[in-house]
Amino acid sequence: MRVEGGSMAPTLRHGELVLVNRRAYRQRVPRRGELVAARPWACAGRAVVKRITGTPADDVAIGGRSWHLGEDEFFLLGDRAEESHDSRRFGPVSRRELIGRVGLRLWPWRVF
């Protein structure tokens, strides 16, 4: 998957290619802090790469707003809040909206 935009910098930069493990969450629950690829329904089929910051049953409060996550919901944020289209805008995502865990940077080679 190709990273688009600067919302995950400096961890991931615009144009980098990452490997997404689609099977990572078949045997275990996604964990806070992990980088994931997701396809939130509110993004009209567009995939995003974000960090899990809230897990099921968490209460998340940011910028005067709060969310209580359901038993199958996750809160995703970009590492650079000012450039990120994330759960603050599209809300929590369900586990089925997660594509997989971002596990490896494939390109550019110098940062592999």
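Everything below is about the structure printed above this text.
Basis of the calculations
Residues numbered from 1 in each chain as written. Predicted model: local features only at pLDDT ≥ 70, side-chain atom pairs only at ≥ 80, totals over all residues. Heavy atoms only, no water. Pairing = 2+ DSSP bridges. Helix = DSSP H or I, 4+ residues; strand = E, 2+ residues; numbered from the N terminus. Buried < 20%, exposed > 50% of the residue type's maximum accessible area, 1.4 Å probe, protein only. Core = buried A, V, L, I, M, F, W, Y, C linked by side-chain atoms within 4.5 Å. Contact = heavy atoms within 4.5 Å.

*Asks:* Where do I start with the sheet that holds strand β8 (residues 98-107) in this structure?
*Replies:* Within a sheet, neighbouring strands are paired by backbone hydrogen bonds and run either parallel or antiparallel to one another. Strands sit in the order β1-β8-β2-β3-β6-β7 across an open sheet of six strands; the sheet is antiparallel. Each of the sheet's edge strands pairs with one partner strand only, and the pair in question is β1 (17-21) and β7 (93-94). Pairing of strand β2 (residues 35-38) with β8, which is carried by three bridges, proceeds in the antiparallel orientation. By the bridge assignment for β8, Ala37 is matched with Gly100.

*Asks:* I'm lost on unusual backbone geometry in this one. Help?
*Replies:* A negative phi angle characterises most non-glycine residues, just as the trans form characterises most peptide bonds. Geometrically, the link from Ala9 to Pro10 is a cis peptide bond, its omega value of 5° lying close to zero. Mapped onto the elements, Pro10 comes out in the segment before β1. Here the phi dihedral of Ala44 falls at roughly 55°; this positive angle occurs in a residue that is not glycine. Here Ala44 shows up in the loop between β2 and β3 (48-54). You can call Ala44 exposed: its relative accessible area is 73%. Although it is not a glycine, Ala57 adopts a positive phi angle of roughly 75°. You can see Ala57 is positioned in the loop between β3 and β4 (59-62).

*Asks:* Even after reading the chapter, I still don't get the nonpolar core, so can you show me in this structure?
*Replies:* Nonpolar side chains in soluble globular proteins tend to end up buried together. Ala24, Tyr25, Val36, Ala38, Cys43, Val48, Ile52, Phe74, Leu76, Phe90, Val93 and Leu98 form the largest nonpolar core, which has twelve residues in total. Sorting the residues of this core by element identifies β2, β3 and β6 (73-77) as the ones contributing at least two each. If sequence neighbours within four positions are ignored, Phe90 has contacts with Pro40, Ala42, Cys43 and His85. Counting residues in hydrophobic clusters, the runner-up holds ten residues, among them Met8, Leu12, Val49 and Ile99.

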